[in-house]
Amino acid sequence: MARGDGNLSHDLLPGEKGPQDSCGVFGVFAPGEDVSKLTYYGLYALQHRGQESAGIATSDGSQILVYKDMGLVSQVFDEASLEALQGHIAIGHTRYSTTGGSIWSNAQPTLGPRPDGTVALAHNGNLINTEELQALIGERHGMPRSGELARGNTTDTALVTALLNTEGPLEDALREVLPRLAGAYCFTLMDETALYAARDPQGIRPLVLGRLERGWVVASETAALDICGASFVREVAPGEMLVIDEQGLRSEQVMPAKPKGCVFEYVYLARPDTRIAGRSVNESRAEMGRQLAREHPVEADLVIPTPESGTPAAIGYAQESGIPYGQGMVKNAYVGRTFIQPSQTIRQLGIRLKLNPLREVVAGKRLVVVDDSVVRGNTQRAVVRMLREAGAAEVHVRISSPPVRWPCFYGIDFASRAELIANGLGIEDIARSLGADSLGYISEEGMVAATTQPADSLCTACFSGKYPVTLPEPVARAQGIITSGEDSSSQDENRSIAVGKDA
Ligand code: SF4
């Protein structure tokens, strides 16, 4: 059966990608449970973290089986494929590609040989020292003749899989390899007899531990625990390794924790029903909206979200401003399941393929349109145009994150630096470019405060240019990042900019 590539699943405009998460990971150790189905539903809850490919590996204590393919979780697996994945240990993965293209051979979990068996690995994040790791593999193993690299896998995950092929228990291999990795990683992995999980010392991507009556679950988000009936136990700590086998659960702090959780998880990436570091993502987004209203008030008749990601912040904006909240656009919830390439006529409809205005709601109104972020600006421009065509009297755009000016190297694919609308344009120019009557972004301080996390425990690099894990010199130079750690943001985002009607 032909598989889709997921291209229609996430973006409001064809070809206009929003921020893309790098993956979702899941793992379960539960004797007596149907672990492949638990993993299937766990991945189903993590589908928003990657739509390009999905895979599950299971072990019955003596043999690892893996099944993966391109497409959404619901397209990749059926009853028969899940039935074949027997055992009491499983890991799963949903992928959006960062390092390595969107091809079958890069799908995860990866499988690699070990002296005494096999390792299967699923990774959320992105490593920034892949050249160094590649060189180390060359030194230790020479040209790979087996494993993922030999099969043409070009991802950072394949490099880690190859590095884990050392004598001794897998735990020892992890103790040796994890400190060599730079960047963002949350791993779920397994050999024939145990489930393992590990998180980078910064804890950039989320990873949580849950309890089943007969076992344990690890997952990128608490929403994946909820869907399979696991109760939340705690976050996997930054720098921690977990081992779960028939003896129970063991934890080890492999590296000292230096927390720098991704603030963009709160803004957009994580599901609203997930909790990160004890904070509800939905409540963080609503508070960002309230703060946005305090920072950028405007006289208007109606607050509407850009569906769905702008909804909690729009509700917060309406609560704080006292302006009524309404639904001004309807998003087709099922278009993500269509993998038929649109015809040229359909393609020209652009954003209308996914979003349609409610004319009777927006006509004649002064609108506040709340969105979570602006990357290239094409989506917001199309939304403003569509709302004006539907009769809106004024369109004021409010954004619940600061201007995105810097690329992410820790697992989120925004766009190249040159494509970011806020890289080079001031707020007034951006407002003009979007065709909005006014534009206001929340301040970095306001966004961070809404997460209730200490500012120094968060990564804000895509807004501030302050990268918590030093970038290799060639990577930084290629992106025009001259001084890591220096505040590179301009000062004008604390003003909401009104644009003349003739703009
Ligand atoms: S650069 Fe931005 S998206 Fe990437 S980890 Fe940091 S805050 Fe998150």
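Residues numbered from 1 in each chain as written. Predicted model: local features only at pLDDT ≥ 70, side-chain atom pairs only at ≥ 80, totals over all residues. Heavy atoms only, no water.

1. Considering the overall build of the chain
Item 1. Along its length, the chain carries 18 helices and 24 strands.
Item 2. Here the chain holds 503 residues, and 58% of them are scored as buried.
Item 3. Counting contacts in the chain only where the partners sit at least 6 residues apart, residues at least 24 apart contribute 72% of the total. (Helix = DSSP H or I, 4+ residues; strand = E, 2+ residues; numbered from the N terminus. Buried < 20%, exposed > 50% of the residue type's maximum accessible area, 1.4 Å probe, protein only. Contact = heavy atoms within 4.5 Å.)

2. Description of the site of the ligand
Item 1. Contacts to the ligand come from Ile-204, Arg-205, Cys-262, Val-263, Phe-264, Cys-408, Tyr-410, Ile-412, Phe-414, Cys-459, Ala-461 and Cys-462.
Item 2. Every element with two or more residues in the shell around the ligand is listed here: helix 9 (263-269) and helix 17 (461-464).
Item 3. The residue makeup of the shell around the ligand, split by class, is 11 nonpolar, no polar and one charged. (Near = heavy atom within 4 Å. Nonpolar A, V, L, I, M, F, W, Y, C, P; charged D, E, K, R; others polar.)

3. Remarks on the sheet that holds strand 11 (residues 231-235)
Item 1. With respect to topology, seven strands assemble into an open sheet ordered 3-2-4-1-10-9-11, the strand pairing being antiparallel. In this open sheet, the two edge strands, each paired with only one partner strand, are strand 3 (64-70) and strand 11. On average, each strand axis in the sheet is tilted by 15° relative to the strand beside it, whichever way the strands run. (Pairing = 2+ DSSP bridges. Axes fitted to C-alpha atoms, helices over the stretch in contact; angles between N-to-C directions.)

4. Brief notes about the UniProt feature "binding site: [4Fe-4S] cluster" (unreviewed entry) in the chain
Item 1. The sites that carry the UniProt feature "binding site: [4Fe-4S] cluster" (unreviewed entry) are, in the present numbering, Cys-262, Cys-408, Cys-459 and Cys-462. The greatest C-alpha distance among the annotated residues, which extend across 201 residues, is 10.1 Å, indicating that they converge on a single site.
Item 2. With residues up to four places along the chain from it excluded, the contact list for Cys-408 reads Arg-205 and Phe-414.
Item 3. Along the chain, Cys-459 turns up in strand 23 (residues 458-459).
Item 4. Its relative accessible area of 9% is what places Cys-459 among the buried residues.
Item 5. What Cys-459 contacts, discounting residues up to four positions off in sequence, is Lys-260, Gly-261, Cys-262, Val-263, Tyr-410 and Pro-468. (UniProt positions renumbered as here; feature names shortened; annotations may be inferred.)

5. Some details on the sheet that holds strand 8 (residues 195-199)
Item 1. Across the sheet, six strands lie side by side as 5-6-7-8-12-13; this open sheet has antiparallel pairing. A strand with exactly one partner marks an edge of an open sheet, and here the two such strands are strand 5 (110-114) and strand 13 (248-253). For this sheet, the mean angle separating the axes of adjacent strands, direction not counted, is 20°.
Item 2. In this sheet, strand 8 lies alongside strand 7 (residues 183-190) in antiparallel orientation, the contact comprising five bridges. Considered in strand 8, the bridge of Met-190 is made with Leu-195.
Item 3. Of the strands in this sheet, strand 5, strand 6 (117-127), strand 7, strand 8, strand 12 (240-245) and strand 13 touch helix 7 (residues 170-177), which is tilted by about 170° from strand 12.

6. Section: the pattern of salt bridges
Item 1. The final tally for this structure, using the stated rule, is 27 salt bridges.
Item 2. When the shortest N-O distance is used, the salt bridge between Glu-283 and Arg-290 registers 2.4 Å.
Item 3. Given the relative accessible area of 30%, Glu-283 is considered partly exposed.
Item 4. Measuring nitrogen to oxygen at the nearest pair gives 2.7 Å for the salt bridge that ties Arg-294 to Glu-287.
Item 5. Arg-294 gets classed as partly exposed once you look at its relative accessible area, which sits at 41%.
Item 6. Through salt bridges with shared partners, a single ionic network connects Glu-171, Asp-172, Arg-175, Asp-245, Arg-250 and Glu-252. (Salt bridge = Lys/Arg side-chain N within 4 Å of Asp/Glu carboxyl O.)

7. Re the packing of aromatic side chains
Item 1. Scanning the entire structure with this criterion turns up 10 aromatic pairs.
Item 2. Where Tyr-40 meets Phe-77, the ring centres are 6.2 Å apart and the plane angle is 90°; that geometry is what we call edge-to-face. On the criterion of sequence distance, the pair formed by Tyr-40 in helix 1 (residues 35-45) and Phe-77 in the loop between helix 2 (73-76) and helix 3 (79-84) is long-range, its members being 37 residues apart.
Item 3. Note on Tyr-41 and Tyr-44: the rings are 6.3 Å apart at their centroids and 75° apart in plane angle, and the pair reads as edge-to-face. Here Tyr-41 pairs with Tyr-44, and both are found in helix 1, just three residues apart, close to one helical turn.
Item 4. Take Tyr-41: its relative accessible area is 41%, and that puts it in the partly exposed class. (Phe/Tyr/Trp six-rings, centres within 6.5 Å; stacked < 30°, edge-to-face > 60°.)

8. Quick notes on the environment of Met-241
Item 1. Within the element layout of this structure, Met-241 appears in strand 12.
Item 2. Of the residues examined, Met-241 reaches a relative accessible area of 1% and is grouped as buried.
Item 3. In this structure Met-241 touches Glu-171, Leu-174, Arg-175, Ala-197, Ala-198, Arg-250, Ser-251, Glu-252 and Val-254, once residues within four positions along its chain are discounted.

9. Description of the nonpolar core
Item 1. Of all hydrophobic cores here, the largest spans 48 residues; its most connected members are Phe-264, Tyr-410 and Phe-414.
Item 2. Every element with two or more residues in this core is listed here: helix 9, helix 10 (281-295), helix 11 (311-321), strand 20 (366-371), helix 16 (444-451), strand 23 and helix 17.
Item 3. Take this core: its biggest share by element is six residues, from helix 9.
Item 4. Counting 29 residues, the second largest nonpolar core, distinct from the first, contains Leu-159, Leu-164, Tyr-185 and Met-255. (Core = buried A, V, L, I, M, F, W, Y, C linked by side-chain atoms within 4.5 Å.)

10. Here's the deal with unusual backbone geometry
Item 1. In this model, Gln-108 is joined to Pro-109 through a cis peptide bond whose omega is 5°.
Item 2. Topologically, Pro-109 is positioned in the loop between strand 4 (89-95) and strand 5.
Item 3. Cis geometry marks the peptide bond from Pro-307 to Glu-308; its omega dihedral reads -10°.
Item 4. Along the chain, Glu-308 turns up in the loop between strand 17 (302-305) and helix 11.
Item 5. Here the phi dihedral of Ala-277 falls at roughly 50°; this positive angle occurs in a residue that is not glycine.

11. Things to note about the packing of helix 10 against helix 16
Item 1. Put simply, helix 10 and helix 16 touch, their axes get as near as 8 Å, and they point 145° apart. For the pair helix 10 and helix 16, the sense of crossing is right-handed. The residues of helix 16 that touch helix 10, namely those facing Ser-284, Glu-287, Met-288, Gln-291 and Glu-295, are Gly-446, Met-447, Ala-450 and Thr-451.
Item 2. Of the residues contributing to the contact of helix 10 with helix 16, the split by class is three nonpolar, four polar and two charged. (Left-handed = near helix turned anticlockwise from the far one by under 90°.)

12. A few points about the side chain of Arg-199
Item 1. With respect to the helices and strands, the residue Arg-199 is situated in strand 8.
Item 2. Classification of Arg-199 as buried rests on a relative accessible area of 5%.
Item 3. There is a polar contact of 2.9 Å between the side chain of Arg-199 and the backbone oxygen of Arg-205.
Item 4. In this structure the side chain of Arg-199 is engaged in a polar contact, spanning 2.6 Å, whose partner is the backbone oxygen of Val-236.
Item 5. Leave out the neighbours within four places in its chain, and Arg-199 touches Tyr-185, Cys-186, Arg-205, Pro-206, Leu-207, Glu-235, Val-236, Ala-237, Pro-238, Gly-239 and Glu-240. (Polar contact = N/O pair within 3.5 Å; in protein donor to acceptor, adjacent residues only side chain to side chain.)

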